[in-house]
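# Residue-level structural notes
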Amino acid sequence: MDMNFENNISFAQQADRSDVLAGFRKQFLFPQHEGKDMIYFCGNSLGLQPAATREFINQELDDWHRLGVEGHMHAKHPWFPYHEFLRESTARLTGALPHEVVVMNSLTVNLHLLMVSFYRPTAKRYKIIFERNPFSSDRYALATQAAFHAQTGGSVLFDPAKALVELHPRKGEHTHRTEDIIAAIEEHANELAMVMIGGVNYYTGQLFDMEAITKAAHKAGAIAGFDLAHAAGNVPLRLHEWGVDFAAWCSYKYLNAGPGAVAGAFVHDRHSENHELPRFAGWWGNDPETRFTMPEKFIPRKGADGWQISNAPVFSMAALRASMELFDKAGVDQLGAKSKQLTGYLEFIIGEINSAAEGINHIEIITPRQERGCQLSLVIGKNGKKIHDYLGSNGVISDWRHPDVIRVAPVPMYNSFEDVYRFGQLLLNGVKNLS
Ligand SMILES: Cc1ncc(COP(=O)(O)O)c(C=O)c1O
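The structure contained in this document is the topic of the report that follows. Fair warning: this is a prediction, and the values are worked out from it, not measured in the lab. (Residues numbered from 1 in each chain as written. Predicted model: local features only at pLDDT ≥ 70, side-chain atom pairs only at ≥ 80, totals over all residues. Heavy atoms only, no water.)

### Some details on unusual backbone geometry
Note the cut-off: Helix numbers and strand numbers start at the N terminus; a helix is a DSSP run of H or I with at least 4 residues, a strand a run of E with at least 2. Between buried and exposed lies partly exposed: a residue is buried under 20% and exposed over 50% of the maximum accessible area for its type, with that area taken using a 1.4 Å probe on protein chains only.
The omega torsion of the bond from H402 to P403 falls at 5°, within 30 degrees of zero and hence cis. Its location among the elements puts P403 in the loop between β18 (399-401) and β19 (405-408). The backbone phi angle of N133 is positive, close to 55°, even though this residue is not glycine. Here N133 is to be found in the loop between β7 (127-130) and α6 (136-149). What makes N133 partly exposed here is its relative accessible area of 24%. In this structure, M294 takes a positive phi of about 50° despite not being glycine. Structurally, M294 is set in the loop between β14 (263-267) and α10 (314-330).

Written as structure tokens, this is what we have:
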């Protein structure tokens, strides 16, 4: 239900009282400023610590103390199958079948491992389409995958410099139109090996139509992969239904599992028993029944598990379990509904600031209204960096992205309407006084 937003504290507090998810805020630890919770709008970068995380990690520390190596089999949550404890909740979060997902490694590592299997260029079909201004790590991963595959057995298959096709929004626009992405896929169809796009772009906050892009990639005979760093835990995902070939995400942003936390990977069911796919193997991808008999031949487990290499980083997975329990309790649909309201309120407040500061300064929201998660990317006409720093010194954590964007992400799991209102008051001061 759409709210009739008002720019005053009593409206914000009333909206919080009516919020069925409001209780989740208490389950998180907020950094403090002058004895109060900071206005934390940076869950797109590093999510807050769930209060239960310490207990989840302590359980593993205690079991290690109590059992030593026996903890692999006898810990309260045995370490040998530890990633299994995250399977169902990860599948629910990403709209996947349970065997399509696994928690392992870190994000860029997973992207590389999946591209080893799914980026299979030939002399004719080698191009990769990706969005403008992807996160740097994705660009490096794509470029080095192209360079790695460009030569085999001493013969040059293709020129890696020609493999990367970066999309560009229309002149005067910040974000991509789906029809333009599809047109580019069709234009390059005969040479296209893969489309690899961030489900939500880190800079603009644009949510891509992953279903339409996947369909177009498949029609062109190419693979569709997504980096879901800014999508997992932020927007509803239906990876199985959309037919996405592979995806990877990190867990330290919206999934609140802590700095450098263990990441996730998705491999569509249609590839789950394809043993012909090349992959970089390790013992954790092999059948757990025979793992300790050390068979010579590697036979990958069915599904995403077959891409595992090393044994589970239990402490990091324990932290992720603490957070995934909260996602299961809150429910992705309820979080999605609140997210729309909360970010809608932020958009409304920015409109109010623009009216109040007319002729002084202007804030442009470059994130598309219909295609977004909770993040809004703001371009401030004058003194953006100074205004960002002013917010910082007044108890707001948001982030500045070179060259000119302030990213603000009111996270439905722990942010409130009051946070948005108070942020608006500070931003108005900044815009008026620092312009
Ligand atoms: C879209 C995107 N891709 C890749 C990365 C790099 O992640 P990692 O250092 O976990 O590999 C990030 C990090 O913030 C990101 O936002």
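### Re helix α2 (residues 53-67)
Note the cut-off: Given the number of residues in a helix, its expected span is that number minus one, multiplied by 1.5 Å. Starting at the helix axis, one direction is taken to each C-beta atom, and the arc is that of these directions. Whether two residues touch is decided by their heavy atoms; if any such pair falls within 4.5 Å, the residues are in contact.
Over its 15 residues, α2 runs 21 Å from end to end, which matches the ideal 21 Å to within 8%, given 1.5 Å per residue. All of the buried residues in α2 are T53, F56, E60 and D63. When α2 is viewed along its axis, its buried side chains cluster within an angular range of 105° and face the same direction. Set apart from the buried face of α2 by more than 90 degrees, the exposed residues are R54, E55, H65 and R66. Where α2 is buried, its residues meet β5 (49-50) and α10. Following α2 by one or two positions, G68 adopts a phi angle in the positive range, close to 55°.

### Remarks on the environment of G198
Tracing the backbone shows G198 in strand β11 (residues 192-198). For the pair G198 and M210, spaced 12 residues apart in sequence, the C-alpha to C-alpha distance is 9.4 Å. In this structure G198 touches E131, F208 and D227, once residues within four positions along its chain are discounted.

### Topic: the site of the ligand
Quick note on the threshold: The criterion for a residue being near a molecule or strand is simple. One of its heavy atoms has to lie within 4 Å of it. Counting of polar contacts relies on pairs of N or O atoms within 3.5 Å, with two restrictions inside protein: one atom must be capable of donating a hydrogen and the other of accepting it, and residues adjacent in sequence are counted only when both atoms are side-chain atoms. Here the accessible surface of atoms and residues is derived via Shrake-Rupley with a 1.4 Å probe, and residues count as covered only by protein chains that are part of the display.
Lining the immediate surroundings of the ligand are L107, T108, F135, S137, D138, D227, A229, H230, Y252 and K253. One of the side-chain nitrogen or oxygen atoms of H230 is found 2.9 Å away from an oxygen atom of the ligand. Protein burial of the ligand: of its 400 Å² of free accessible surface, 81% is covered by the chains. Contributing elements (two or more residues each) for the shell around the ligand: α5 (107-118) and α6.

### What to know about the sheet that holds strand β16 (residues 376-380)
Sheet strands pair by backbone hydrogen bonding; their relative direction is either parallel or antiparallel. Rule in force here: Following DSSP output, two strands are said to pair if at least two bridges run between them. Here the axes come from fitting lines to C-alpha atoms, over the contacting stretch only for helices, and the angles between their N-to-C directions go from 0 to 180 degrees.
Pairing is antiparallel in the open sheet, where four strands are placed in the order β15-β16-β19-β18. Looking at strand neighbours, the two that pair on one side only are β15 (363-365) and β18, the edges of this open sheet. Mean inter-strand twist for the sheet, computed between neighbouring axes without regard to direction, equals 35°. Of the strand pairs in this sheet, β15 and β16 are connected by three bridges, and their pairing is antiparallel. Bridging from a neighbouring strand, I363 pairs with I380 of β16. On top of the sheet, helix α11 (residues 332-356) reaches β15, β16 and β19; it is set at about 150° to β15, its chief contact. With respect to the sheet, helix α12 (residues 384-393) is in contact with β16, β18 and β19, its orientation differing from that of β18 by roughly 160°.

### A look at the sheet that holds strand β10 (residues 164-166)
The seven strands lie next to each other as β6-β14-β13-β12-β11-β7-β10, forming an open sheet whose pairing is mixed. With one partner strand each, in any of the chains shown, β6 (101-104) and β10 form the two edges of the open sheet. Ignoring which end each strand starts from, the neighbouring axes of this sheet average 20° apart. By the bridge criterion, three bridges tie strand β12 (residues 223-227) to strand β13 (residues 246-249) in an arrangement that is parallel. In the sheet register, D227 faces β13, and the bridge partner there is A248. In the packing of α6 onto the sheet, contacts are made with β7, β10, β11 and β12, and the angle to β10 comes to roughly 150°.

### Comments concerning α6
For α6, with 14 residues, the first-to-last C-alpha span of 20 Å sits near the 20 Å given by 1.5 Å per residue. Within α6, the full set of buried residues consists of D138, A141, L142, Q145, A146 and H149. Projected onto a plane normal to the axis of α6, the buried residues spread over an arc of 130° and lie on a single side. Projecting away from the buried face of α6 at angles above 90 degrees are the exposed residues Y140 and F148. Residues of α6 that are buried sit in contact with α5, β7, β8 (151-152), β10, β11 and β12.

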